[in-house]
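Chains, contacts and geometry: an overview
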Amino acid sequence: MLRDSPTTRRRHRRRPAVGGVVACALVAAPLALAAQLGTDAPAERHAQVGGRAWVATPEQGTVSLIDGASHEVVATVVAPGALAGDDLAVTQAGSSAYVVDRTLGTAFRVDGATFDVGAPAAVAAPGGRPQVLEGGGAVYLVDPVRRTATHADPRTLEPGLELSLAAEPGEGQSVVDSGGRLWVVDAATGSLTWFDEAKHVVDGLATTESRLVLVEGRAVLVDVTAGRAVELGPDGQEGSWSCTGLPPGSAARLLGSLTSGHVYAAVPDDGTFVISALDRDDCGTAVELVEPGTADFGPLAQDGRYVFVPDRTTGHTFVVDTVRGEQAADVPLTRPGNRVELTTKDGIVFYNDLDSEVAGVLTLDDGAWTGTPVEKYDAATDEGVAVVGGGDDAPGASDPGDDPSVVETTFAPVRDGRSAPDAPTTSVSGGPTISRVDVRPDPAVLGSPVTLTPVVRGASGAEWEWTVTAPDGTVAWSSDEAGAPTLTLQGAEPAAYELTLVVVDADGRRATLSRPLDTVLVPTPRIASFSIDNPAPGLGEVTNISADESGLSGAESTWQWEVSLDGVPLPFPGQPAPGAPLPLQFPFEGVYTVALTVTSGELSDTASVPVTYADQCVPALASRRFVDLRQDGTATVDLTADDCFVDTTIALELPPWLSSSTPTVEVAAGATEVVDDRFRSADATRVPVDLGVVGPPPSDGVVTGAMTLVLGDVRVPVDVRVNLPPAWTADPTCTAPDPVSGDRPRFRAELTDADAGALDVRLTLDGVAGGPAGGYRMLPGQSGRGVYELTGPADMPVGDATTFSVRATDRFGSVSEVRTVPVEGCAA
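About the cut-offs
Residues numbered from 1 in each chain as written. Predicted model: local features only at pLDDT ≥ 70, side-chain atom pairs only at ≥ 80, totals over all residues. Heavy atoms only, no water. Helix = DSSP H or I, 4+ residues; strand = E, 2+ residues; numbered from the N terminus. Buried < 20%, exposed > 50% of the residue type's maximum accessible area, 1.4 Å probe, protein only. Areas by Shrake-Rupley, 256 points an atom, 1.4 Å probe, with all protein chains shown as cover. Lys, Arg positive; Asp, Glu negative; His and termini not counted. Charge placed at Lys NZ, Arg CZ, Asp CG, Glu CD. Polar contact = N/O pair within 3.5 Å; in protein donor to acceptor, adjacent residues only side chain to side chain. Pairing = 2+ DSSP bridges. Disulfide = S-S within 2.5 Å. Core = buried A, V, L, I, M, F, W, Y, C linked by side-chain atoms within 4.5 Å. Contact = heavy atoms within 4.5 Å. 1 Å grid on protein atoms, 1.4 Å probe; cavity = no way out; pocket = protein on both sides within 12 Å on 5 of 7 lines; lining within 4 Å. Points joined across faces, edges and corners; volume = space filled by probe spheres on them. Nonpolar A, V, L, I, M, F, W, Y, C, P; charged D, E, K, R; others polar. Patch = residues over 30% accessible without salt bridge, like charges linked within 9 Å, V, L, I, M, F, W, Y side chains within 5 Å. Salt bridge = Lys/Arg side-chain N within 4 Å of Asp/Glu carboxyl O. Axes fitted to C-alpha atoms, helices over the stretch in contact; angles between N-to-C directions. pLDDT = per-residue confidence, 0-100. Phe/Tyr/Trp six-rings, centres within 6.5 Å; stacked < 30°, edge-to-face > 60°. Lys NZ or Arg CZ within 6 Å of the ring centre and 35° of its normal.

Take the overall build of the protein next. Along its length, the protein carries 0 helices and 68 strands. Across its three principal directions, the C-alpha atoms of the protein cover 115 × 70 × 55 Å. In the protein, which comprises 828 residues, the proportion classed as buried is 50%. As displayed, the protein has an accessible area near 35,800 Å², and 51% of this comes from carbon and sulfur atoms. Averaging the positions of the 55 positive and the 114 negative side-chain charges in the protein gives two centres separated by 2 Å.

What follows is the structure in structure tokens.
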């Protein structure tokens, strides 16, 4: 029984389905986009077979594999050690993926073929911005805070050589090129460092604001302050600087082309998408997407001639045709304010809403771009789609009890207090194996046919040798027949023979098994084994016991079952028909002895098997992993008792800031039903309970173990997710522009929030008309989580204001305190 466990195991036993309908649909595969940039190639439709991508679901602490052709989730795995709300990031690696849990500071690999989840590697301290960078066959684990990078095994992420970066790269300041070289920019000093067979450091080439992108697999340094870019190679700078078309100091989203020598930029300050050619110093192509200062562009993605630009402000994604230099589509994908990441894989474009259950595929059909949503989990129940692995705590994890087929466990019979030993068997690694040989009838009847049925694996093309040895050591029978031979033993008196099977494969690897072969003169009852469909029942749960009688070959017999506890016989209401399963159901703990006597004429056999009933009742949330009170501070959740088949009482222990009108609930046991001619225990009932926030929670986001469910002496902590308004860690600031460089004023706001990287932060010039509706949008900065920055647009009338104000809104609508700061020094 689990008691005071921080992570309580939950098993869900559900009544097997009586029947079901399986629907299959064939849908058109998404468009495979033109792969050649620089030519006006038409978009063509190609058959897609392997178009799959992994996407993260921070709300669930899971990662899902989406199939682009079928628009379905193929598999969902639980991030090791993750809780709902952990900050997860995915890096595609062929059919597999590397996943970083920034909350825990760990990384792991999930195999795209087997869905196996590797052991998590410790990369950084919790919240320390760890990264997994991959390129040219090399994998690096980067810890920006410790200023280190570690070579890692590409399959296991087992750490190898640790490198001292002597740099602290920020967002967009580290890449691995196609040659396996690691490049980093120090956000504090602006130095450029790269590693191949040696470490190289260059000062003066980069600045603290410089960024790194990959263009056709080559590292490119982008100086956002000066609006220029330059290619990098084994010796550092290669060639001359070229323009990027970026306004000086712009907080743009950058992407290097996969297929040509271009750098792409989405610029929120002026609402444009800029294309620059490194080899021609050409940055004259700018595509207008939105009004200046109104967008919050997310990370860009490219497939062939098309680049995809998500705008968190509206929930739309722009599709830009880079060959024609024009906007090709404006596609609504998610709710406004939600973070969207885009992935192109095998010619298919995937999108993922990090803040909801929605992911999907972008498709070009008949000249129109559309998004087809794919549900990663059920938002109403938190049950994941196609969950594999992850243990019993996986969201929506199923168990064998959900399978309509009956899966039983076989036990050897107990006679005179002892179980029959297993037949000795030997094998060689990689060779054939022999699990057992069944004999029918058993014991064998002298002068009558006996069939030998082996359970053998890995025996294709192997040689077989059967031998039956008499008590005096002579060979009574032998055969080289593969499969299930039949023999007849002759004799006047019963005797104990020995049966041996040897299987040798083409490489000489041998497997052997020997077992006794008893003989009798007439068919004799023999209980060969017991089968139990639920070998570890909980209190009040039905378990069905069957017996395999091997000696009578279906001849008429009588079966008599008896049950005792601690040697005391228990009343028995009735006997099932011979061969039918015996249903048992007990409300008290104990080891019950279940005995069976099979009688045929004056011959009989008696054997028994122990069945242990234990109190396994565990209080639990029904179909949810946590209580979510973020939307309006209230929720109704269902409580139940897992692995519990007796009536029980669950109490709620709540902190002072949380309340419920039903702190104690009565949970009724599920009914006993007959399914497929067997008795089954249904799950306990679900009881709705209302919860509400009545005081200030201790923190924003996940409050671990905030409430406790108590059933007897079993205590189960439950996480509660709450929402508090964003809080200020410092007053907003403004830096005056530099008249010499033509720089513009820069604003900075520092806040803390559970969603600190996804706030809607707005700045207004007090008393000044004009500007974007709702204020100038500030974007997440590179210097830390919760830091928001804005480079004032050229037409921003800072000199007309005496103060500016900043407010932040989280995705649940909670608004921070408005901070108002003098404009002094902000104007040139």
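A few words on the environment of D153. Among the secondary structure elements, D153 is positioned in the loop between β10 (148-152) and β11 (159-164). For the pair formed by D153 and V139, sequence separation is 14 residues and the distance between their alpha carbons is 6.9 Å. Reaching out from D153, the side chain makes a polar contact with the backbone nitrogen of T156 at a distance of 3.0 Å.

We now examine the sheet that holds strand β55 (residues 658-659). In spatial order, the strands read β51-β53-β59-β55; together these 4 strands make up an open sheet with antiparallel pairing. Looking at strand neighbours, the two that pair on one side only are β51 (618-621) and β55, the edges of this open sheet. Across 2 bridges, β55 lies against strand β59 (residues 687-693) in antiparallel orientation. The partner of L658 across the bridge, within β59, is V693.

We now examine the state of the cysteines. Following the criterion strictly, the structure yields 2 disulfides and no others. A sulfur-sulfur distance of 2.1 Å marks the disulfide that ties C243 to C283. Residues C243 and C283 share a disulfide whose torsion about the S-S bond is about -115°; that sign makes it left-handed. On the criterion of sequence distance, the pair formed by C243 in strand β19 (residues 236-243) and C283 in strand β23 (residues 282-288) is long-range, its members being 40 residues apart.

Here we take up the nonpolar core. In summary, soluble globular proteins display a tendency toward joint burial of nonpolar side chains. Counting residues in hydrophobic clusters, the biggest one holds 30 residues, and the most contacted among them are V627, L629, L639, M707, L709 and V720. The contacts of L709, once residues within four sequence positions are left out, are P619, A620, L621, L639, I650, A651, L652, V714, R715, V716 and V718.

Below, the discussion takes up the layout of surface pockets. Looking at the second largest pocket, its volume works out to about 940 Å³. Counting residues per element, the lining of the second largest pocket draws most heavily on strand β36 (residues 433-440), which supplies 6 residues. Grouping the amino acids of the lining of the second largest pocket by side-chain chemistry returns 13 nonpolar, 5 polar and 12 charged.

This part takes up the environment of D628. One can find D628 in strand β52 (residues 627-628). Each C-alpha atom of the pair D628 and T193 lies 45 Å from the other, and the pair is 435 residues apart in sequence. There is a polar contact of 2.8 Å between the side chain of D628 and the side chain of R630.

So, on to a nonpolar patch on the surface. A surface patch of nonpolar side chains, amounting to about 230 Å² of accessible area, comprises L521, V522 and L603. Relative to the helices and strands, V522 resides in the loop between β43 (510-520) and β44 (527-532). By relative accessible area, which is 45% here, V522 ends up partly exposed.

Relative to the helices and strands, S550 is located in the loop between β45 (543-549) and β46 (558-565). The exposure class assigned to S550 is buried, which follows from its relative accessible area of 1%. A distance of 2.7 Å separates the side chain of S550 from the backbone oxygen of D442, its partner in a polar contact. The contact partners of S550, leaving out residues within four places of it in the chain, are R440, P441, D442, R526 and A528.

Our focus in this paragraph is the pattern of salt bridges. Here the structure, examined in full by the defined rule, presents 40 salt bridges. The partner of R811 in a salt bridge is E59, with the nearest N and O atoms 2.7 Å apart. Of this pair, R811 sits in the loop between β67 (803-809) and β68 (819-822) while E59 sits in the loop between β1 (52-57) and β2 (62-67), placing them 752 residues apart in sequence. Judged by its relative accessible area of 8%, E59 is buried. Among the ionic pairs, R509 bridges to D507, the shortest N-O distance being 3.1 Å. Via salt bridges that share partners, E59, R339, D355, D628, R630, R721, D755 and R811 belong to a single interconnected network.

Moving on, we get to the sheet that holds strand β8 (residues 131-135). One open sheet holds the 4 strands; their spatial order is β8-β9-β10-β11, and the pairing between them is antiparallel. Only two strands of the sheet have a single neighbouring strand rather than two, namely β8 and β11. If you compare each strand with its neighbour and ignore which way they point, the axes differ by 25° on average.

Burial within strand β5 (residues 96-101) is extensive, with 6 of its 6 residues counted as buried. In β5, alternate side chains face the same way, and those of S96, Y98 and V100 on one face and A97, V99 and D101 on the other are all buried. Both strand β4 (residues 88-93) and β5 contribute to a ladder of 6 bridges, which runs antiparallel. Across the sheet, residue A89 finds its bridge partner in β5, namely V100. Counted between consecutive antiparallel strands, the loop separating β4 from β5 contains 2 residues, among which G94 sits at a positive phi close to 65°. Inspection of the sheet shows β5 paired to strand β6 (residues 106-110) by 5 bridges, in the antiparallel sense. Across the sheet, V99 pairs through a bridge with F108, a residue of β6. If you look at the hairpin formed by β5 and β6, you'll find 4 residues sitting between the two strands, and G105 has a positive phi there, around 80°.

Below, the discussion takes up a negative patch on the surface. Taken together, the side chains of D196, E197, D235 and E238 define an acidic patch exposed on the protein surface. With respect to the secondary-structure elements, D235 resides in the loop between β18 (228-233) and β19.

Turning to the confidence of the model for the protein, a few remarks are in order. Residues at a pLDDT of 70 or more form 90% of the protein, whose mean pLDDT is 85. With pLDDT under 50 throughout, residues 1-50 is counted as low confidence; its partners more than four residues away or in other chains account for 127 contacts. The model gives residues 390-406 a pLDDT under 50, and that stretch makes 43 contacts with residues more than four places away or in other chains.

As enumerated under the stated definition, the model contains 12 aromatic pairs in all. Between F308 and W369 the ring centres are 5.5 Å apart and the planes differ by 80°, which places this aromatic pair in the edge-to-face class. Residue F308 is found in strand β25 (residues 306-311), and its partner W369 is found in strand β31 (residues 368-375); the two are separated by 61 residues along the sequence. On the basis of relative accessibility, which here comes to 0%, the residue F308 falls in the buried class. A connected cluster of aromatic rings, assembled from ring pairs, spans Y306, F308 and W369. In this arrangement the basic side chain of R228 is found over the ring face of W241, its NZ or CZ atom lying 3.8 Å from the centre. Just above the ring of F626 sits the side chain of R721; from NZ or CZ to the centre is 5.4 Å.

Below, the discussion takes up unusual backbone geometry. A cis amide bond links R440 to the next residue, P441, at an omega of -5°. Within the element layout of this structure, P441 appears in the loop between β36 and β37 (444-445). Residues D442 and P443 are joined by a peptide bond in cis, for which omega reads 10°. Within the secondary structure, P443 is located in the loop between β36 and β37. Non-glycine residue D643 carries a positive phi angle of around 55°. Among the structural elements, D643 can be located in the loop between β53 (634-642) and β54 (648-653). Classification of D643 as buried rests on a relative accessible area of 9%.

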